[in-house]
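# Reading the structure
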Amino acid sequence: LVHRYASIALAFLPLLLTVIIRYRFYFVLFYRAILIRIWKDCVTGLTREERAFQYVLTHATPGDPESILEAFDEWCSKVEFISNIGPKKGKILDRLLLEQRPLTVLELGTHCGYSTIRIARALPLGARLYSVEMDQRNAAIAEKIIRLAGFDDDTVELIVNPSDEVIPRLRSDYGLERLDFVFMDHWKKCYRPDLELLEGCGLLGKGSMIVADNVLFPGAPKFLRYIRKCGLYEWKIHRATLEYSRGIRDGMAELVYQGIK
Amino acid sequence: MSVSFTTGDEDEISTSEHERGKNRGKRNSNDKEKKKKGNGRRKASREREGEEDLQDRTEKREKGKKRRAKNDLDEKQPEEEDEEQVKVKNGKVAKSKKNLKNETTRKIEQEKKEEGDAEEGKSKKKKKKEEKDRGKQTEKEEEKKKKHKKETSEEDNEEEEEDEEEKEVRPESLSPEELEKLKEAVDEKKKLIQGLRGKPWPMKKKLVTLRESQEFVEKYEGALGKGKGRKLYAYKVMMTKKWMKFQRDFENFKTACIPWEMKIKEIESHFGSSVASYFIFLRWMYGINMILFGLTFGLVMVPEALMGRPYGSIPRKTVPRAEEGSAMDFAVLWDFGGYAQYSVLFYGYYNNQRSIGWLKFRMPLSYFLVGVGTVAYSYMVVIRTMARNANESGVGDDNSFNFSWKMFTSWDYLIGNPETADNKFASITTSFKEAILEEQESRKDDNIHLTRFLRVLANFLVLCCLAGSGYLIYFVVRRSQKFALDGLENHTWWERNEVNMVMSLLGMFCPMLFDVISALENYHPRVALQWQLGRIFALFLGNLYTFIIALMDEINLKREEEKVVKFNITMWEASLYNGTVSENSTASPITIHPADIPRGPCWETMVGQEFVRLIISDTMTTYITLLIGDFLRAVLVRFLNYCWCWDLEAGFPSYSEFDVSGNVLGLIFNQGMIWMGAFYAPCLPALNVLRLHVSMYLQCWAVMCCNVPQERVFKASGSNNFYMAMLLVILFLSTLPAIYTIVSIPPSFDCGPFSGKSRMFDVIQETLESDFPAWFSKVFIMVLFYIQTKIQIAFIQLAIYYLQSTSKSYKEANVELKKKLQTVTLSELHVVWILLLTFEINLCFEIRALVF
């Protein structure tokens, strides 16, 4: 039977090769982000974030955000994969922060604290960063890492709750009037509802900047459609590649709130 | 002295041309004073002039005339430029072009008349030099009247009274000046309507202005004429309007008559001209195939079906006993065996009877001539189209002014879809980026060895792929021969259709692989596209020729078989006769049903069948890929996107793009197969017409419904002839095997119109000998000998024809360039140059910002 259909099967060989070559980055990503993760979870009994924390603890200098970020980058590119913002897109973020010089910053999706450190070290004196994380265990690790980098409670405040619960209470519980800068890197599906929540609570003022990561891959199509349509923002997409991977295109959306004219 | 004269003259013109129209009201009040002044000046100049001799004066007058004409021209120029712009914009819309032409011609006529009037007026002025102010005024009015070509007479003018308060549109009650004013205004509005297209206004304003001015003109135009003349004038105006409307309708009707024009235009507006060029090519191909189909259908298939012997009369027209059971199976539809094989659709069915029916139709001769004629017609059409295209497409050097070309010519004005426009915009920006990067690259060429190595590697990989696919096809064809010897019934459908399947699959998947491999080479996209086209071409050609070579093997096998069968038949007949002869001649002759008579394998029908199957499977694969690869994918992407963890539309897999090059090549090779197989299967053109018709609708639908505009939108200008050149090459390569089989292999002994002859072209000799008087054949053969050498020359002549037309277009381009050089003045050059510089600098800055 094999011999019988061999030639037709051979005709599909070019297709197979094409698919493999063209989507090699996706295959690599699948291997690194999912297969290795499952394997390591089974072997070590720790979560991915805990492993990352162990690595950072052993390889970075405490109190030095720079070295912690470097350790993270190294672990993510050499050992396993965690979707942090990464060094390339991180540079864009740094630049935006330096230009904006915000005093109140909201970060949605702390994860391991990589982006929190990145934002916190670029903040001017007296600025305050509120970081929202839904997952309890991740938040514990993020807390440790942030303290390890030397940022105290006055600079970074970690809020452990889902974002859609936190945002309506920001004004009452934390006394916030206006957010200068919002960084979104949590669930891609929450981008749009959270943005609408922010608008609805009146936390955005003219000139507030919102930066959303991973709008192309994995992608937030509804979010993009919304900002295109609503006309409240001046926006552009910084095109880059996915963090710790060369061939997958991704983008970071930069929105500046203009308000209703 | 002459200077003062000219200034006076020009003053007059300027007042009459500009001020008159603009500040009418102001002028009315101090009209007379101004005129006095002007007249005084003129008088002075005239007096001084009078001192000179007559000859000199006339000379001067001529000069003045020229100047006037020049002034007129100068005024006209911007308008003409506007019109030219419009022309460029709507380059393809013949309708508007024509209208514009009409307008220009009308204008020119008007101008001429004006000139003539002015001259006349001047001569009159000279005569009435000594007259008073009042006289002057009337004279001037006359002049103006003439200028506007009205049928009003001078007497009427003089009799009219002044009444400034009157605002009604009653020409009898209007003063000459009022009338004049009205005419001026109407003229102004007309001018506005004509030049509206070129105005840099928003569309809304344009529309409003157009409507207003049209209403104004309609309202007052009729009022200007008077009495008898007025009616005639109104009638004339009405007729011209009707005529224009008729012309417009006629143009619309003509466009509506072109098949699929609206569909293609719609696609063009969505996807740019490159995708549309594929559909235009498809339509053109459809036209050619219609003619081929008409020839074969009208001169071969229909006569045979109507006048030839009916089905079942002779063995070649009957399904053999062994196949009768399966002759009506459903599989006949794609295998073309059974009853389809023994019908007018294939070569074997035709009888070698010299003439059929009451028309004495020479069937074999017709068959042969139609076979030759289709090919000859195809050659003619392809070469003529190429020549015409070469004429049309202006000859330009694309490489030397790279940035200027990009700057001024990269926009595709036929795009009407915002998304495509966005893509086009992005592609222009990227092309600028690329061009800048290229400049940088060309300055620093490091790592050239790596690039070279990668390019060689890529070519090596492609060659491996080509060889592999060639070998696979050869292997499969050989295996299918083995199956055929075993008997097809013992094998599955997959095995029976293995050859076609494998060929179609390879033709589909290998180009994708090439595309991936070409990423290694790091070529400029345009160059990469050419390489890609070349590789696909090589692949298709290799596959086709492997197929043909394998087919040749099969033909030889069949001919061996034929020899055996022939021997057996003689034995069989002998045994049959032996049985009858013993009973002597009184016995009734044995009647054997034609289905039982043994017969040869008939390789021609086999070849035809192979080609038909190839076409069918090719069509099927195309449609199935379209449905799966485009439609299903689009449906999945669209509806799974609501519940998927990443953005399917923007990221992977996204919607598919329309692959112009692959589709064009597919079409061309399909046509090549038709040309190759049409001689042995007269049904092929008909099948192809059907296929093209279906593909037109199916692909139009698929493009509009499930493809997205290409990321790299490029213009199709100039690519048309590239397609044509490929078609010509394929035509040549596909006629070679057909000619080879016709010339070198003797036809089967018991099937087809040429059975019993040693070669197929003997039919011509036979016709010459028996259907024409003896002298004619002698003359014909002499002429043939005489021409023999010239046949080769004919080919050269075709080539020369092509080259000639190309050179003609070069020449025209040269002349045009020269003209342009002459007309472009220095100041204009300056303006253009400065514009270009500022544009380029601005863009460069922006692009720098984008790149870095």
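Analysis parameters
- Residues numbered from 1 in each chain as written.
- Chains lettered and ligands numbered in written order.
- Predicted model: local features only at pLDDT ≥ 70, side-chain atom pairs only at ≥ 80, totals over all residues.
- Heavy atoms only, no water.
- Helix = DSSP H or I, 4+ residues; strand = E, 2+ residues; numbered from the N terminus.
- Buried < 20%, exposed > 50% of the residue type's maximum accessible area, 1.4 Å probe, protein only.
- Contact = heavy atoms within 4.5 Å.
- Areas by Shrake-Rupley, 256 points an atom, 1.4 Å probe, with all protein chains shown as cover.
- Axes fitted to C-alpha atoms, helices over the stretch in contact; angles between N-to-C directions.
- Parallel < 35°, antiparallel > 145°, perpendicular 65-115°, else oblique.
- Nonpolar A, V, L, I, M, F, W, Y, C, P; charged D, E, K, R; others polar.
- Core = buried A, V, L, I, M, F, W, Y, C linked by side-chain atoms within 4.5 Å.
- Phe/Tyr/Trp six-rings, centres within 6.5 Å; stacked < 30°, edge-to-face > 60°.
- Salt bridge = Lys/Arg side-chain N within 4 Å of Asp/Glu carboxyl O.
- Pairing = 2+ DSSP bridges.
- Right-handed = clockwise from strand over helix to strand, strands pointing away.
- Buried area = accessible area lost by both parts, 1.4 Å probe.
- Polar contact = N/O pair within 3.5 Å; in protein donor to acceptor, adjacent residues only side chain to side chain.
- pLDDT = per-residue confidence, 0-100.
- Disulfide = S-S within 2.5 Å.
- Patch = residues over 30% accessible without salt bridge, like charges linked within 9 Å, V, L, I, M, F, W, Y side chains within 5 Å.
- Lys, Arg positive; Asp, Glu negative; His and termini not counted.
- Charge placed at Lys NZ, Arg CZ, Asp CG, Glu CD.

### Concerning the overall build of chain A
- Summing up its helical and strand segments, chain A has 12 helices and seven strands in all.
- Going through the 261 residues of chain A one by one, you find that 52% of them count as buried.
- Within chain A, contacts between residues at least 6 apart in sequence are counted, and of these 72% link residues at least 24 apart.
- For chain A, the accessible surface area stands at approximately 12,600 Å², while carbon and sulfur atoms represent 58% of it.

### Structural notes on the overall build of chain B
- When you go through chain B residue by residue, the secondary structure sums to 28 helices and two strands.
- Here chain B holds 852 residues, and the buried ones make up 41% of them.
- Partitioning the contacts of chain B with sequence separation of at least 6, the portion at a separation of at least 24 is 77%.
- Carbon and sulfur atoms make up 62% of the accessible area of chain B, which amounts to about 48,700 Å² in all.

### Looking at the packing of helix 12 (residues 273–307) of chain B against helix 23 (residues 660–677) of chain B
All names here are of chain B.
- Packing of helix 12 against helix 23 leaves a shortest axis separation of 10 Å and a crossing angle of 10 degrees. In terms of orientation, helix 12 and helix 23 fall into the roughly parallel class. Across from Ser274, Val275, Tyr278, Phe281, Leu282, Met285, Asn289 and Leu292 in helix 12, the residues of helix 23 making contact are Val660, Asn663, Val664, Leu667, Ile668, Gln671, Ile674 and Trp675.
- Looking at side-chain class alone, the contact of helix 12 with helix 23 contains 12 nonpolar, four polar and no charged residues.

### Here we look at the nonpolar core
- Ranked by internal contacts, the top residues of the largest apolar core, which has 109 residues, are B:Phe279, B:Phe281, B:Val612 and B:Met760.
- Ignoring anything within four residues of it in the chain, the contact list for B:Val612 reads B:Phe336, B:Phe346, B:Ala681, B:Cys683, B:Leu684 and B:Leu687.
- In terms of nonpolar packing, the next biggest core, distinct from the first, is built from 49 residues, A:Leu96, A:Val105, A:Ala122 and A:Ile141 among them.

### Some thoughts on the packing of aromatic side chains
Residues and elements named next belong to chain B.
- Scanning the entire structure with this criterion turns up 37 aromatic pairs over all chains.
- Residues Tyr367 and Phe754 carry aromatic rings whose centres are separated by 5.9 Å and whose planes lie at 80 degrees to one another, so their mutual orientation is edge-to-face. Residue Tyr367 is located in helix 15 (residues 363–392), and its partner Phe754 is located in the loop between helix 25 (719–744) and helix 26 (762–771); the two are separated by 387 residues in the primary sequence.
- Residue Tyr367 is classed as buried on the basis of its relative accessible area of 4%.
- Where Phe631 meets Trp701, the ring centres are 5.2 Å apart and the plane angle is 45 degrees; that geometry is what we call tilted.

### Side note on the pattern of salt bridges
Residues and elements named next belong to chain B.
- This structure, assessed with the given rule, holds 35 salt bridges over all chains.
- Residues Arg479 and Glu498 are paired through a salt bridge, measuring 2.5 Å at the closest nitrogen-oxygen approach. Taken together, the positions of Arg479 in helix 18 (residues 448–486) and Glu498 in helix 20 (residues 498–518) put the pair 19 residues apart, joining distant regions of the chain. We note that Arg479, like Glu498, is buried.

### Observations regarding the pairing of strand 3 (residues 156–160) of chain A
Residue and element names in this part refer to chain A.
- In the sheet, strand 2 (residues 128–133) pairs with strand 3 via five bridges, with the strands oriented parallel. Each residue of the ladder has a partner; that of Ser131, found in strand 3, is Leu158.
- Where the polypeptide runs from strand 2 across helix 8 (residues 136–149) and back to strand 3, its parallel neighbour, the crossover connection is right-handed.

### Re the sheet that holds strand 5 (residues 204–212) of chain A
Residues and elements named next belong to chain A.
- With mixed pairing, seven strands are arranged side by side in an open sheet as 3-2-1-4-5-7-6. Every interior strand has two partners, whereas the edge strands, strand 3 and strand 6 (233–241), have only one. Pairwise comparison of adjacent strand axes, ignoring direction, gives a mean angle of 15 degrees for this sheet.
- Relative to strand 7 (residues 249–257), strand 5 is paired through four bridges, and the arrangement is antiparallel. Looking at the pairing, Val211 lines up with Glu254 of strand 7.
- Helix 8 rests against strand 2 and strand 3 of the sheet, and its axis sits at about 170 degrees to strand 3.

### Re the interface of chain A and chain B
- At the junction of the two partners, chain A supplies 24 residues and chain B supplies 25 residues.
- Summing the contributions of chain A and of chain B, the shared interface buries around 2,300 Å²; its carbon and sulfur component is 68%.
- When the area that chain A buries against chain B is broken down by residue, the three leading residues are A:Arg4, A:Ser7 and A:Ile8, summing to 22%.
- Our count for the chain A to chain B interface comes out at one salt bridge.
- Where chain A touches chain B, the interface holds three residue pairs in polar contact (both at pLDDT 80 or more).
- Of all the elements in the fold, those that place two or more residues in the side of chain A that touches chain B are helix 1 (2–11), helix 2 (13–22), helix 11 (215–219) and helix 12 (221–230) of chain A.
- In terms of residues, the side of chain A that touches chain B owes the most to one element, helix 1 of chain A, which gives seven residues.
- Across the side of chain A that touches chain B, the residue classes tally to 15 nonpolar, four polar and five charged.

### Describing the confidence of the model for chain B
Residue and element names in this part refer to chain B.
- Residue-level pLDDT values for chain B average 73, and 68% of them are 70 or greater.
- Put simply, helix 1 (residues 2–22) is where chain B has its lowest mean pLDDT, 40, and helix 24 (residues 684–706) is where it has its highest, 93.
- Confidence drops under a pLDDT of 50 for residues 62–105, and excluding neighbours within four residues, the segment shows 47 contacts in the predicted structure.
- Ignoring residues within four places in sequence, the model shows residues 138–169, a span with pLDDT below 50, making 60 contacts including any to other chains.
- Complex prediction metrics read pTM 0.66 and ipTM 0.76.

### Description of the state of the cysteines
- For the coordinates displayed, the defined rule picks out one disulfide over all chains.
- Each sulfur of the disulfide joining B:Cys602 and B:Cys751 lies 2.0 Å from the other. Across the S-S bond linking B:Cys602 and B:Cys751, the dihedral sits near 95 degrees, which makes this disulfide right-handed. With B:Cys602 in the loop between helix 21 (525–581) and helix 22 (603–640) and B:Cys751 in the loop between helix 25 and helix 26, the pair connects residues that are 149 residues apart, well separated along the chain. Of the two residues examined, B:Cys602 and B:Cys751, each falls in the buried class.
- Counting only cysteine sulfurs, A:Cys112 is the nearest neighbor of A:Cys76, a cysteine outside any disulfide, at a range of 7.6 Å.
- Take A:Cys76: its relative accessible area is 0%, and that puts it in the buried class.

### Quick notes on the side chain of B:Asn500
- Locating B:Asn500 in the fold gives a position in helix 20.
- If sequence neighbours within four positions are ignored, B:Asn500 has contacts with B:Arg613, B:Leu614 and B:Ser617.

### Examining a positive patch on the surface
- Together, A:Arg24, A:Lys88, A:Lys91 and A:Arg246 make up a region of like positive charge exposed at the surface.
- Here A:Arg246 lies in the loop between strand 6 and strand 7.

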